[in-house]
Amino acid sequence: MSDIAEIKIDGKVYEFPIITGTEGEKSIDISKLRELTGHITLDLGYKNTGSTKSAITFLDGEKGILKYRGYPIEQLAEKSNFLEVAYLLIYGDLPTEEQIVTFQSKITKQTLIHEDMKKFLDGYPSRAHPMAQLASLVCSLSSFYPESINANSSPEAMDHTIIKLLAKLPTIVSFIYKKGLGHPLIYPKNKFDYVSNYLHMTFGQRTEEVEIDPVVVKAMNTLLILHADHEQNCSASTVRMVGSSDCNLFASVSAGIDALWGPLHGGANQAVIEMLETIKEDGGDTEKWINKAKDKNDPFRMMGFGHRVYKNFDPRAKIIKKACDDILDKLGINDPVLEIAKKLEEAALSDPYFVERKLYPNVDFYSGIIYRALGFPTDMFTVLFALGRLPGWIAQWKEMHTNKEPIGRPRQVYVGHTNREFVEIEQR
Ligand code: CMC
């Protein structure tokens, strides 16, 4: 097989190296394209553009494969826990017993947030969306830890910032939730593991300690693992892009949180439940809504369906669908929207519109039903996605910095006016 690609422009042939990844993915290295030919590439939405070489996550959308650092997502979801997966993503290997104990203990010592941060919570309007609060609180961490602002400090200092962010995010997320309810905030407890501590701060009471159900702990671990990374998606690319200006980790992740919020990305989990509720209230006629999704004159899209990369099935959705059945069963919950979701999925999977466009349920289709069963309000769903995605964002930011990648700065094809003469306002 050739390791050279040729591009012919105006009769002249230019050669570019073909780079092959460890899983056999092929790319044409066009880094010298403009220098040699005077041309740039145009690829809206970066559908064919590799923005980096990464050793973190591999996914094959045609075959429905997802691996973190070489480990299949199915094995990690079944056998691992979220903290172990976070370590794997950030440091590259599964931890030894000693490494995970040290990691957990470093995190446990950093779970409190500065008391002054609670004043921000007091300042938000009562109906403020939790994602708006999350993004600003995470960015604000850089004001409490000014030593984190130098993104090029020592590896030890970088690691300290990473630990702080991992440790403080569950506290911030649960404080946002409690504040939304108007309930007193519950502080972290060192005796708990990462996920149990988060559940304690979220569902605990000040007066008595609630029992943390192992079924719920397992479900949360599974959900967080499935969301932990997804290579160069919109929010991870944002984190890398913002970080490439040597912006600190807190601010870069805050930008990633903003990118995640949109309903075409992580915000889809909230949008799915809202859609299922609307369909239920409308009488549950799934065919009507499938037809709406197919109608090009109707802006309605089937939320939780389709994916930029997966064109076969989303392996995360397979695991989540099963987890959803198991959890609802174990918790004895009968959620009518689950039936609507299943009917929609069944109908869509045999409909030529969805089949031809390879539109399958994605990770967000069933995750909201689980979050709801666990007792979370709808507007917290995307925040939970962010909690899961944090190790991925950190790993992407760290890789980009460690590899000393250049500042992200795409070019454009300008299609605006060329020269125009300025005209005084009274003559326009
Ligand atoms: N409902 C109806 N039609 C759809 C849908 C949908 N959910 N998704 C794509 N299509 C159609 C689209 O109209 C287009 O049709 P045509 O070729 O006739 O113009 C075709 O399928 C290709 O769609 P696209 O918008 O060009 O694909 P994309 O890769 O740019 O967008 C997507 C991917 C995920 C943004 C899109 O499928 C979508 O909007 N899905 C709903 C939102 C959603 O569930 N997002 C969560 C993604 S998974 C979580 C995450 O990691 O972010």
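Refer to the preceding data block for the structure.
Let me begin by describing the structure that accompanies this report. Just so we're clear, the structure is a prediction, and the values are computed from it rather than from any experiment. (Residues numbered from 1 in each chain as written. Predicted model: local features only at pLDDT ≥ 70, side-chain atom pairs only at ≥ 80, totals over all residues. Heavy atoms only, no water.)

**Let's talk about the site of the ligand**
Line of reasoning, step 1. With respect to spatial proximity, 23 residues lie near the ligand, and among them His265, Arg301, Met302, Gly304 and Arg308 are the closest.
Line of reasoning, step 2. Between the ligand and Gly304 there is a distance of 2.8 Å, counted from an oxygen atom to a backbone nitrogen or oxygen.
Line of reasoning, step 3. Surface burial for the ligand is 78%, taken as the share of its 940 Å² of free accessible area covered by protein chains.
Line of reasoning, step 4. Per-class residue counts for the shell around the ligand are 10 nonpolar, 6 polar and 7 charged. (Near = heavy atom within 4 Å. Polar contact = N/O pair within 3.5 Å; in protein donor to acceptor, adjacent residues only side chain to side chain. Areas by Shrake-Rupley, 256 points an atom, 1.4 Å probe, with all protein chains shown as cover. Nonpolar A, V, L, I, M, F, W, Y, C, P; charged D, E, K, R; others polar.)

**Remarks on the sheet that holds strand 5 (residues 65-68)**
Line of reasoning, step 1. Reading across from one edge, 4-5-6 is the order of the 3 strands in this open sheet, with antiparallel pairing throughout. Looking at the sheet topology across the chains shown, the edges are occupied by strand 4 (57-60) and strand 6 (71-72).
Line of reasoning, step 2. Judged from the 4 bridges that link them, strand 4 and strand 5 form a sheet pairing that is antiparallel. Looking across to strand 5, one finds that Leu59 is bridged to Leu66. (Pairing = 2+ DSSP bridges. Helix = DSSP H or I, 4+ residues; strand = E, 2+ residues; numbered from the N terminus.)

**Details of the pattern of salt bridges**
Line of reasoning, step 1. Taken as a whole, this structure holds 19 salt bridges when the rule is applied.
Line of reasoning, step 2. Measuring nitrogen to oxygen at the nearest pair gives 2.6 Å for the salt bridge that ties Asp122 to Lys179. Of this pair, Asp122 sits in helix 5 (residues 117-123) while Lys179 sits in helix 7 (residues 155-181), placing them 57 residues apart in sequence.
Line of reasoning, step 3. In this structure Lys179 comes out as partly exposed when scored by relative accessible area, which is 33%.
Line of reasoning, step 4. As a salt-bridge pair, Arg372 and Asp335 come within 2.8 Å of each other at their nearest N and O atoms. With Arg372 in helix 17 (residues 363-373) and Asp335 in the loop between helix 14 (315-331) and helix 15 (336-349), this residue pair connects regions lying 37 residues apart in the sequence. (Salt bridge = Lys/Arg side-chain N within 4 Å of Asp/Glu carboxyl O. Buried < 20%, exposed > 50% of the residue type's maximum accessible area, 1.4 Å probe, protein only.)

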